[in-house]
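Next come the chains, spelled out residue by residue.
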Amino acid sequence: MAITGVLFDFSGTLMRIEPAVSWLGAAAERTGTSFGADELRRKAAELEAAGALPGGASPRSVPPGLAELWRERDRDASRHRALYTGLARQVPLPRPELYEALYERHWEPAAWHPYPDAAEVLGELSERGVAIAVVSNIGWDVRPVFRAHGLEKWIDTFVLSFEHGIQKPDTRLFRMACDRLGLAPQHALMVGDDPVADAGAAALGCAVHLVSHLPAPERPDGLRPVLRLVG
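Scoring rules and cut-offs
- Residues numbered from 1 in each chain as written.
- Predicted model: local features only at pLDDT ≥ 70, side-chain atom pairs only at ≥ 80, totals over all residues.
- Heavy atoms only, no water.
- Helix = DSSP H or I, 4+ residues; strand = E, 2+ residues; numbered from the N terminus.
- Contact = heavy atoms within 4.5 Å.
- Core = buried A, V, L, I, M, F, W, Y, C linked by side-chain atoms within 4.5 Å.
- Buried < 20%, exposed > 50% of the residue type's maximum accessible area, 1.4 Å probe, protein only.
- Expected span 1.5 Å × (residues − 1).
- Axes fitted to C-alpha atoms, helices over the stretch in contact; angles between N-to-C directions.
- Parallel < 35°, antiparallel > 145°, perpendicular 65-115°, else oblique.
- Left-handed = near helix turned anticlockwise from the far one by under 90°.
- Nonpolar A, V, L, I, M, F, W, Y, C, P; charged D, E, K, R; others polar.

For the rest of this paragraph, the subject is the side chain of threonine 157. Summarising the element assignment, threonine 157 is placed in strand 5 (residues 157-160). Setting aside residues no more than four positions away along its own chain, threonine 157 makes contact with Ile132, Ala133, Val134, Arg180 and Leu181.

Here you go:
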């Protein structure tokens, strides 16, 4: 069947979070904390290994006390915050206020960078009359990030897990997106970077296209193939 709507994941698909060094640097500046260059890099690497950067790498290991929050982190905003501030606290930092500052930094549009082909692909799909949704496992409202980067104008609807208390691969999120776009699932393509969460759309009958969750220079399978898939 012809594809007339595309559902996009957010993090790792349309946009990428900033490097851990600039994330920690921004929080340090906000709290008046001074790090030497080597210490900043070392602490940033420790935080990244702990999985404390939302949208970054998964933890090398999840502390037992945070395991349940890890599984359900995107079901509501309070769990998301508790999980990521808890992971950050696995790394000793010189000021306690840094942990909250780190979490709040990742909400900011400046912390996110659209992949180079994101605007081009969204714009061309919109020009072709293809309906577009963002379907994301997330614990906070990403709409301001899309607005700040000039991408919101191409998005017809956002279906965000924390607003509905369910996470991908639960087919109800994909169904909701299709219903809002007025599409049968067989006419929708889900594009994401997670072979479990995003590929869950296949159970509903959607086509699925996976991209690599990598920095732009390392991501050969970017979004442009989506344009071929929708004709």
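From this point, the narrative continues.
The next point concerns the nonpolar core. Judged by nonpolar contacts, the single largest core of 59 residues is most densely connected at Val6, Phe8, Phe10, Leu14, Leu125 and Phe146. What phenylalanine 146 contacts, discounting residues up to four positions off in sequence, is Phe10, Leu14, Met15, Val134, Leu151, Glu152, Ile155 and Phe158. In terms of nonpolar packing, the next biggest core, distinct from the first, is built from 17 residues, Ala131, Ile166, Leu183 and Ala201 among them.

Turning our attention to helix 1 (residues 20-31). The end-to-end C-alpha separation of helix 1 is 17 Å, in line with the 16 Å expected for 12 residues at 1.5 Å each. Against helix 2 (37-49) and helix 5 (97-105) lie the buried residues of helix 1. Remark: glycine 32 follows helix 1 within two positions and exhibits a positive phi of approximately 70 degrees.

At a minimum axis separation of 9 Å, helix 4 (residues 77-88) and helix 5 run at an interaxial angle of 125 degrees. When the interaxial angle is binned, helix 4 and helix 5 end up oblique. The element helix 4 and its partner helix 5 pack so that their crossing is right-handed. Contacts from Ala77, His80, Arg81, Tyr84, Thr85 and Ala88 in helix 4 reach Tyr99, Glu100, Tyr103 and Glu104 in helix 5. Classifying every residue of the contact of helix 4 with helix 5 gives 5 nonpolar, 2 polar and 3 charged.

Note on placement: glycine 25 falls in helix 1. When the C-alpha positions of glycine 25 and alanine 44 are compared, they lie 8.7 Å apart, and in sequence the two are 19 residues distant.

Just geometry here; none of it tells us what the structure is for.
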